[in-house]
Each structure stands twice: as structure tokens, then as C-alpha cells.
Amino acid sequence: MRKVHLSLASEYDNIDLVDSVTEACLRFAGFDETLTEHMTLAIREAAANAIKHGNRQQPEKIAEVVFEIDDETITVHIRDQGEGFEVEEVPDPLAPENILKGAGRGIFLMRQLMDEVSFAFDGGTHVTMRKERPVAGDQDEAGEEE
Amino acid sequence: MRKVHLSLASEYDNIDLVDSVTEACLRFAGFDETLTEHMTLAIREAAANAIKHGNRQQPEKIAEVVFEIDDETITVHIRDQGEGFEVEEVPDPLAPENILKGAGRGIFLMRQLMDEVSFAFDGGTHVTMRKERPVAGDQDEAGEEE
Amino acid sequence: MNVSTRTREGVTVVDLEGKITIGRGDVALRDAVNAAIDDGSRAVVLNFAKVKSMDSSGMAELGAAYRRMDDLGGTVALCSVPANVTEILRMTQIITVFDVYPDEDEAVAAMSSG
Amino acid sequence: MNVSTRTREGVTVVDLEGKITIGRGDVALRDAVNAAIDDGSRAVVLNFAKVKSMDSSGMAELGAAYRRMDDLGGTVALCSVPANVTEILRMTQIITVFDVYPDEDEAVAAMSSG
Ligand SMILES: Nc1ncnc2c1ncn2[C@@H]1O[C@H](COP(=O)(O)OP(=O)(O)O)[C@@H](O)[C@H]1O
Ligand SMILES: Nc1ncnc2c1ncn2[C@@H]1O[C@H](COP(=O)(O)OP(=O)(O)O)[C@@H](O)[C@H]1O
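All of these numbers come straight from a predicted model, not from anything done at the bench.

**Here we look at the site of ligand 2**
All names here are of chain B.
Next, step 1: Near ligand 2 lie 14 residues; those nearest to it are N49, H53, D80, G104 and I107.
Next, step 2: Taking H53, its side chain carries an N or O atom lying 2.7 Å from an oxygen atom of ligand 2.
Next, step 3: Coverage of ligand 2 by the protein amounts to 82% of the 530 Å² it exposes when considered alone.
Next, step 4: The set of elements that each furnish at least two residues to the shell around ligand 2 consists of α2 (33–54) and α3 (105–113).
Next, step 5: Split into classes, the residues belonging to the shell around ligand 2 amount to 4 nonpolar, 8 polar and 2 charged.

What follows is the structure in C-alpha cells.
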């Protein structure tokens, strides 16, 4: 059992801490540089949404990021204390009229960069992401290098 | 508010995750490389004691490491589910007869490398360490570099 | 994130360095492009050589910069985009609207003559 | 942690690389010194050039190695210890019991003639 649980005031600067801790967890879990960069982006997008859209940057509201590192999988939970939203209504960022706009790109990136992404709403938005860890032989080495 | 809470099965390999997450937190908090290395060692010593002496490497027992990063201070809590010990009875590792032995060196290093170290016992050992963060100007930059 | 602006042969070159991400990098990018526009520039090259990473907020600012300049009849182009950043910009397809040059010299040559 | 062992002019050189820390590095150090002793070596140089860090378990093994060899009338010395590791070894004073050489050549020269 390995769990890393961040609880953060809803300030953008704290996303740098999410980035750093994400990189630490992913290197330990044996992900290579490219995968680490991609997954760090996916997790940052969810954390940014929690702080921006969910908690509306109210610093007394807490954004949480939880890493569960099992032997085969890493699961990441991102939670806020906001009002939730309709995932189905998020625009398609690849539609020609949206390419130059912002909306939908964050969730699109999460889905592109992780194996599995799901949304739930329980007193706030709860995003769950999963990614399979690289095979065992590599993991130990990478963990040890750290 | 910034809190990073690790919950770990009592296996030595998990100390590498403690190291990585510690480095992530300390860089975010603006500590330079030397201070980061020193504090990482102090925290590793406490985590190793929690796993070895406290939880006796029983993987179902959980070792916890919690970082609280305030604007001025970083506080680290290390907790285990063991039987505790008498801090006063730990031998002095600098006594000539102890220089080549093991005992006492971990706690000695914690005290040398952190500003403040205290021990409490509440259903296990609870080590609390504190260190002042570098001045504000440097912090932001270092946090952003990450 | 550090941003600095130079002029070469009538082309505004904006050097971006670090993370173009929510809260700081995206704002710095917006401010730099807006300042160039306010100074009358209608040809801006964003030099990505030292960009480490970019998130959706950075990309949103990139799109907004393009649109603002386009409305004024000007151009925003990119140069020296690192492979990892190119990959993300391709994923979201935002890169397709920009002229992308392999290096700054080519960008400036193309835009100053254009 | 990687450990490998060579012989130079009758001196056993143990190259240590990585973290000499609880659970792996400390065990690897112990095994390497014990193997050298079992092979009949009475002069071991631990080459620290590539050691990244060390914790109290690593230092405990260092002390144990010294004692075991000392009981047999042999010597364990250190060479090429990086500044950051030297600092920690000084803090706990364990470094005071060892001969410490700036580089491997000096260590081998001193120990093969001794
Ligand atoms: N945690 C959240 N709480 C509330 N609304 C959210 C949350 N995450 C996403 N959203 C909504 O979904 C939309 C799309 O999110 P995203 O794809 O990340 O793009 P962007 O954040 O750039 O708008 C947001 O504009 C917002 O309306
Ligand atoms: N978390 C703990 N639970 C139980 N005993 C502990 C704990 N931490 C330290 N101790 C006791 O204190 C002693 C000294 O610890 P330390 O200075 O770290 O040296 P070492 O771990 O090398 O013995 C240990 O040998 C052990 O008896």
C-alpha cells in the first residue's frame, strides 16, 4: 500500500507542488520521461479545473490529489468542493470552430494521456484517472535511481 | 494550506518514495540543493525507524509521513503503529565506544539537520520535525522552476 | 516562466522560457503579445526554444493571441518548438492554425519579407 | 545501488554507485566486503566516487566492515568521497576511524606498499 494525498488551498501556485509530487510518484512507479510528462499534464489539468472551475480559487476551499500506487496500476483522484458540471456538455475541442478557443481541451488531454478517466459528483467533482505501470523489471530500477 | 500525506506499507523500498516526495516538497518550498539533501536524510531516517523499529517491517502496518508547508515553515510528521521507545535511553553516537556502532546515529542526524525535532507517543511513535523556509523572494522562483 | 521581447527586421520576437501554464505563464504570454500589439507590431514570432511545458491554459492564450492579431490583420507565428511541446500542440490540433518555423532566422526572414 | 569489485596490486577495490541506504545499498556493501574477506583480502578500498547518498544504515555497515576487517588484522579504507557524503560522515564522526584517500591511485599505492 502506497498512498500520497495532497490537500491544497485553491491557489494556482499550488499546482507547481502537484507537478513536483506527481513527478516524484511517477518516477518511483517506473514511468519513463515521456509518460511522466504526459501524465503530469493530465493530472495538472484536473487539478487546475478543481481550483479554477470547482473551487473558483477560493483559498479556503480545498483541492485534493491522491495517488494510489499499486504494483500494476497508478490511480489518481482529484477532488474539489465545487458544484460539479455536465461532462456530456463539454464542447469538443477538435471541432473546427473550437480549435482556437479554450473549452474542452483540459478534459480532452486527460482522456488522451491516461488509460482511463471518469467523473463522479459527491459534494464536489471527483475525477479518477488510471494508468498501468511499466513492467516490473524496470520499476525497481527506476524506483531505486530516485 | 498545503499538506502532503504519505501512507505506506512498512517496506524498505517505499522509503525511495519518501525520498522523492520529500525532494518535491522541499524544492517547491524553495530549499537549495544542500538543505534539500540534508532534510531528505533526516526525514528518511525517521521513516526508516518507523518501518524498522516501529512497525518491524510488517507490511500491513502503515508508516505515515506528512508535510505541512506553511509560508514560513515546513513541518514534517512521521508516524508508526509500533510500541514506542525511550528517547532518553538512545546512546550517544559520538561517544568513542559508539563511533563504529549503529545505535543513535539516526536520531542524532535528525537533530543535526532539522531546526526542531520532537517525539511523542500516541498509539505509536510520532516524530515531528520543523525547518524554516528560505526567505520569500527565493521560494517563488524555486517553486516555479520545478 | 520568463518572457522577453526583441525586434528583428520589423518582426517582434518574444522569447518564452519555462512553463506556459495556468496562473503565471499564460498571463505572461498574453501580456507580451498584447504589449507588442499596443506597440503597433503586426508580426510576432513566439520563440519556444526554452519552453519546458504547456497546459490547456497556455494553449488557450496561444489561440487568443492568434485571434486578436488576426482581427488586426497581423500574424503570430511559432519557432523552435521542442519536440515534447509540439506533441501536445498536435494532440489538441491548435498547432495547425499557426505557421511554425524550425528556427528564429527562418521565421524572421519569412515574416519580414511577407 | 550497484557494487562491483576489482583487484589492483593486491588491493581489493570496491566500486560503490548510488545510494548506500537501508534495505539494499547497506546489504550490498556488507556482501561486497564479506566476499572480499572470504576471498582472503585484507586490504579493501571502498571507492565512493559514484556514491550519491548514505544514511545511518549505510554508516552502520561501514562501521561493521571496518570492525570485521580490523579483527582480522586487515584494513578498509575509503577513496574519492564526494563532498556531500564527506559532510555527513564527518557529522557522525565515523569518518575519523578510516584512512581516506583523495583518489584510488593514492589509496592503492599506500595500501599495496603497506
Ligand atoms: N472540477 C470542475 N468543476 C466544475 N466544472 C468543471 C470542472 N472541470 C471541468 N469543468 C467544466 O468543464 C469545462 C471544460 O473543462 P476543460 O476541458 O478542462 O477546459 P477548460 O478548463 O479550458 O474550460 C470547463 O470549462 C468547466 O465548465
Ligand atoms: N519509531 C521507532 N519505534 C521504536 N523504536 C525506535 C523508533 N525510532 C527509534 N527507535 C529506537 O531508538 C534507537 C535509535 O534510533 P536511531 O538513532 O535511528 O539509530 P538506529 O536506527 O541505527 O538504531 C533505535 O535503535 C530504536 O531502539
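The discussion continues.
**A short note on the site of ligand 1**
Residues and elements named next belong to chain A.
Next, step 1: Close to ligand 1 lie 14 residues; N49, H53, D80, G104 and I107 are nearest.
Next, step 2: Between ligand 1 and the protein, one listed contact pairs an oxygen atom with a side-chain N or O atom of H53 at 2.8 Å.
Next, step 3: For ligand 1, whose accessible area on its own is 530 Å², the fraction buried by protein is 82%.
Next, step 4: Every element with two or more residues in the shell around ligand 1 is listed here: α2 (33–54) and α3 (105–113).
Next, step 5: Looking at the shell around ligand 1, its residues break down into 4 nonpolar, 8 polar and 2 charged.

**Here's the deal with the confidence of the model for chain A**
Next, step 1: For chain A, the average pLDDT comes to 92, and 92% of its residues sit at 70 or higher.
Next, step 2: Contacts of residues 138–146 of chain A to residues separated by more than four positions or lying in other chains number 23 contacts, the stretch itself having pLDDT below 50.

**Some words on the sheet that holds strand β5 (residues 125–132) of chain A**
Next, step 1: Pairing is antiparallel across the open sheet formed by 10 strands, whose spatial order is β4(A)-β5(A)-β3(A)-β2(A)-β1(A)-β1(B)-β2(B)-β3(B)-β5(B)-β4(B). Among the strands making up the open sheet, the edge pair consists of β4 (116–121) of chain A together with β4 (116–121) of chain B. Direction aside, the axes of adjacent strands within the sheet are offset by 15° on average.
Next, step 2: Here strand β2 (residues 62–69) of chain B pairs with strand β3 (residues 73–79) of chain B via 6 bridges, running antiparallel. The residue bridging V66 of chain B from the neighbouring strand is H77 of chain B, located in β3 of chain B.
Next, step 3: The sheet contacts of α2 of chain A involve β2 (62–69), β3 (73–79) and β5 of chain A, and relative to β3 of chain A the element is tilted by about 20°.

**Notes on the interface of chain A and chain B**
Next, step 1: Taken together, the contacts link 25 residues of chain A with 25 residues of chain B.
Next, step 2: Across the interface of chain A and chain B, roughly 2,000 Å² is buried in total on both sides, 58% from carbon and sulfur atoms.
Next, step 3: Joining chain A to chain B, the criterion identifies 0 salt bridges.
Next, step 4: Our count for the contact surface shared by chain A and chain B stands at 7 residue pairs in polar contact (both at pLDDT 80 or more).
Next, step 5: When the residues that make up the side of chain A that touches chain B are grouped by side-chain class, the tally is 12 nonpolar, 5 polar and 8 charged.
Next, step 6: Where strand β1 (residues 2–9) of chain A lies against strand β1 (residues 2–9) of chain B, 7 bridges are found, and the strand directions are antiparallel. The residue of β1 of chain B that forms the bridge with V4 of chain A is L6 of chain B.

**Things to note about the pattern of salt bridges**
Next, step 1: Applying the stated criterion across every chain yields a total of 30 salt bridges over all chains.
Next, step 2: Among the salt bridges present, the one from R44 of chain B reaches D55 of chain D, with a minimum N-O distance of 2.9 Å. Taken as a pair, R44 of chain B in helix α2 and D55 of chain D in the loop between β3 (43–54) and α2 (56–71) lie in two separate chains rather than in one.
Next, step 3: A single salt-bridge network, built from bridges that share partners, covers D16, D19 and R44 of chain A together with K19 and D55 of chain C.

**Some remarks on α2 of chain A**
Residue and element names in this part refer to chain A.
Next, step 1: The terminal C-alpha atoms of α2 lie 30 Å apart, and with 22 residues this matches the ideal 32 Å at 1.5 Å per residue to within 8%.
Next, step 2: Capping the start of α2, D32 holds a side-chain oxygen 3.2 Å from the backbone nitrogen of T34, two or three residues further along.
Next, step 3: Once α2 finishes, R56 follows within two positions and takes phi at roughly 45°, a positive value.

**Topic: the relation of the copies chain A and chain B**
The second copy of the chain is related to the first by a rotation about an axis and a shift along the axis.
Next, step 1: With an RMSD of 0.0 Å, the fit of chain A onto chain B corresponds to turning through 180° and sliding 0.0 Å along the axis. What we have between these two chains is a two-fold relation. Nearest to the rotation axis, the C-alpha of H5 of chain A is located 2.4 Å from it, this being the minimum over chain A.
Next, step 2: Looking at the interface residues of chain A, 100% of them are also at the interface in chain B, so both copies use one shared face.

**Some details on the arrangement of the chains**
Next, step 1: No other pair among the 5 pairs of chains in contact exceeds the contact count of chains A and B.
Next, step 2: Over all C-alpha pairs, chain C and chain D never come within contact, reaching a minimum spacing of 26 Å.

**What about the packing of aromatic side chains?**
Next, step 1: As enumerated under the stated definition, the model contains 6 aromatic pairs over all chains in all.
Next, step 2: A centroid spacing of 5.2 Å and a plane angle of 80° characterise the contact between Y66 of chain C and F98 of chain C, whose relative ring orientation is edge-to-face. One end of the pair, Y66 of chain C, is in helix α2 (residues 56–71); the other, F98 of chain C, is in the loop between α3 (83–91) and β5 (100–101), and 32 residues separate them in sequence.
Next, step 3: On the accessibility criterion, Y66 of chain C (22% relative accessible area) is partly exposed.
Next, step 4: Here a set of aromatic residues connected by ring pairs shows up, and it is made of F85, F119 and F121 of chain A.

The rules behind the values
Residues numbered from 1 in each chain as written. Chains lettered and ligands numbered in written order. Predicted model: local features only at pLDDT ≥ 70, side-chain atom pairs only at ≥ 80, totals over all residues. Heavy atoms only, no water. Near = heavy atom within 4 Å. Polar contact = N/O pair within 3.5 Å; in protein donor to acceptor, adjacent residues only side chain to side chain. Areas by Shrake-Rupley, 256 points an atom, 1.4 Å probe, with all protein chains shown as cover. Helix = DSSP H or I, 4+ residues; strand = E, 2+ residues; numbered from the N terminus. Nonpolar A, V, L, I, M, F, W, Y, C, P; charged D, E, K, R; others polar. pLDDT = per-residue confidence, 0-100. Contact = heavy atoms within 4.5 Å. Pairing = 2+ DSSP bridges. Axes fitted to C-alpha atoms, helices over the stretch in contact; angles between N-to-C directions. Buried area = accessible area lost by both parts, 1.4 Å probe. Salt bridge = Lys/Arg side-chain N within 4 Å of Asp/Glu carboxyl O. Expected span 1.5 Å × (residues − 1). Least-squares fit on C-alpha atoms with pLDDT ≥ 70 in both. Phe/Tyr/Trp six-rings, centres within 6.5 Å; stacked < 30°, edge-to-face > 60°. Buried < 20%, exposed > 50% of the residue type's maximum accessible area, 1.4 Å probe, protein only.

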